[in-house]
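Structure assessment
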There are 2 protein chains.
Amino acid sequence: MSLRIGELAKVTGCQVVTIRYYEKEGLLHRPERTNANYRLYGEEDVERLKFIRRCRLHGMNLAEIRDLLAFKDNPTVSCAWINDLVERHIADVEAQIASLEHLKTHLEALRRTCDGENHQGCGIIDSLDHGTPCPYCETWDCRAAGSASRSGHTPKDS
Amino acid sequence: MSLRIGELAKVTGCQVVTIRYYEKEGLLHRPERTNANYRLYGEEDVERLKFIRRCRLHGMNLAEIRDLLAFKDNPTVSCAWINDLVERHIADVEAQIASLEHLKTHLEALRRTCDGENHQGCGIIDSLDHGTPCPYCETWDCRAAGSASRSGHTPKDS
DNA sequence: CGTAGTGTCTATAGCGACTATAGAGTCAAG
DNA sequence: CTTGACTCTATAGTCGCTATAGACACTACG
């Protein structure tokens, strides 16, 4: 039961290029090759890749997944740090939610400042021009990138 | 009243390198220069940069901000698209929040699967190994990057 | 006058997790 | 023998910065 990379992609829902990328990053082992130099994967590889994808769905980054895989391959020490990892992720996710909730209230306030008729300039542009009424946000250390803040919502040096 | 780049950075809370980056990206105009080739900024530049930063805090990306600045510089057409833009951002933020809420429930379930004592292997690793009990997430099209999903939480090809 | 410290300049590379592209080789079916 | 689908490697691009290197400018101090 050997799969080529396209078949592995299909059964795991992962892109072919991403599989090669994971190999390059050391998350997946280097698989056997056919005579034509095609990669050949077995059941273990399928499970390993599924594990990786599940971790990604849980918001873990590749470095964390590398650590988890290393532990899985060789569970010598206590797994307490894995609990800590999950705890940190929960806290991080909570912070992101709070940040996004706050952003949402701002965007909703912004939307209400213009009726889209442009008879007297755009109310949204005006609001953006004159700052927000929220004292918290004036110093909001938000490094949002289209997807809003990662760093949370901490006021900085007032 | 002319500011050098470091002073502009200070009054706007923006990094010096970021200011230069915005100039390169065409968001800020090319400023005057001193004899020593130092950039010199005026009041207008301060306001323009503050506008940009406010937009970033509202989760807008640089392309969107470029459009907003172009409109501000030359508000000829209807501003209805700005309303649409804000609406889209609100929808996007809502989707992200929903996705993160869902992720949070998963992480909390995950945390409960291990007591950190490692007497019989790690429960968290086991859970990650065997998939999640949530049928929704099995096909979760989540492109999470540490900061969780951007693309939302849409089941794909069941 | 020299020098130390700070600020500025340009150009280039790195981050993370992919994604896209180019150009070549492999293989089965018609 | 050609077509098309698949695979290979290597490299560059995405986004919004951030970091680094090496050079120049300016002020203060001795």
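Everything below is about the structure shown above.
The paragraphs below set out a description of the structure included in this document. (Residues numbered from 1 in each chain as written. Chains lettered and ligands numbered in written order. Predicted model: local features only at pLDDT ≥ 70, side-chain atom pairs only at ≥ 80, totals over all residues. Heavy atoms only, no water.)

Here we take up the protein's contact with DNA strand D. Near DNA strand D there are 20 residues, and of these G6(A), R20(A), R39(A), R56(B) and N61(B) occur at the shortest range. In DNA strand D, atoms within 4 Å of the protein come from the sugar-phosphate backbone in 86% of cases. Contact between DNA strand D and Y38(A): a base oxygen at 3.5 Å from a side-chain N or O atom of the residue. Between L62(B) and DNA strand D, the recorded distance is 3.3 Å, taken from a backbone N or O atom to a phosphate oxygen. Secondary-structure elements contributing two or more residues to the surface near DNA strand D are α1 (5–12) of chain A together with α2 (16–24) and α3 (43–57) of chain B. Among the residues making up the surface near DNA strand D, the classes are represented as eight nonpolar, five polar and seven charged. (Near = heavy atom within 4 Å. Polar contact = N/O pair within 3.5 Å; in protein donor to acceptor, adjacent residues only side chain to side chain. Helix = DSSP H or I, 4+ residues; strand = E, 2+ residues; numbered from the N terminus. Nonpolar A, V, L, I, M, F, W, Y, C, P; charged D, E, K, R; others polar.)

Residue and element names in this part refer to chain A. Under the counting rule described, the total for this entry stands at two aromatic pairs over all chains. A centroid spacing of 6.1 Å and a plane angle of 45 degrees characterise the contact between Y21 and Y22, whose relative ring orientation is tilted. Y22 gets classed as buried once you look at its relative accessible area, which sits at 3%. Positioned over the ring face of F51 is K72, at 4.7 Å from the centre of the ring. (Phe/Tyr/Trp six-rings, centres within 6.5 Å; stacked < 30°, edge-to-face > 60°. Buried < 20%, exposed > 50% of the residue type's maximum accessible area, 1.4 Å probe, protein only. Lys NZ or Arg CZ within 6 Å of the ring centre and 35° of its normal.)

Neighbouring residues of DNA strand C: 19 residues in total, closest Y22(A), N61(A), R20(B), Y38(B) and R39(B). Among all atoms of DNA strand C positioned within 4 Å of the protein, those belonging to sugar or phosphate total 78%. Between DNA strand C and the protein, one listed contact pairs a base nitrogen with a side-chain N or O atom of Y38(A) at 2.9 Å. In this structure, a phosphate oxygen belonging to DNA strand C sits 2.6 Å away from a side-chain N or O atom of R20(B). Where the surface near DNA strand C is concerned, the elements lending two or more residues are α2 (16–24) and α3 (43–57) of chain A together with α1 (5–12) of chain B.

What follows deals with the packing of helix α5 (residues 80–111) of chain A against helix α5 (residues 80–111) of chain B. Packed helices, taken two at a time, are described by the angle between their axes plus the distance between the axes. One way to put it is that α5(A) packs onto α5(B) with a least axis distance of 9 Å and a crossing angle of 160 degrees. Taken together, α5(A) and α5(B) sit at an angle that is classed as roughly antiparallel. In this structure, the crossing between α5(A) and α5(B) has a hand that is left-handed. Within the contact of α5(A) with α5(B), the residues separate by chemical class into 16 nonpolar, six polar and twelve charged. (Axes fitted to C-alpha atoms, helices over the stretch in contact; angles between N-to-C directions. Parallel < 35°, antiparallel > 145°, perpendicular 65-115°, else oblique. Left-handed = near helix turned anticlockwise from the far one by under 90°.)

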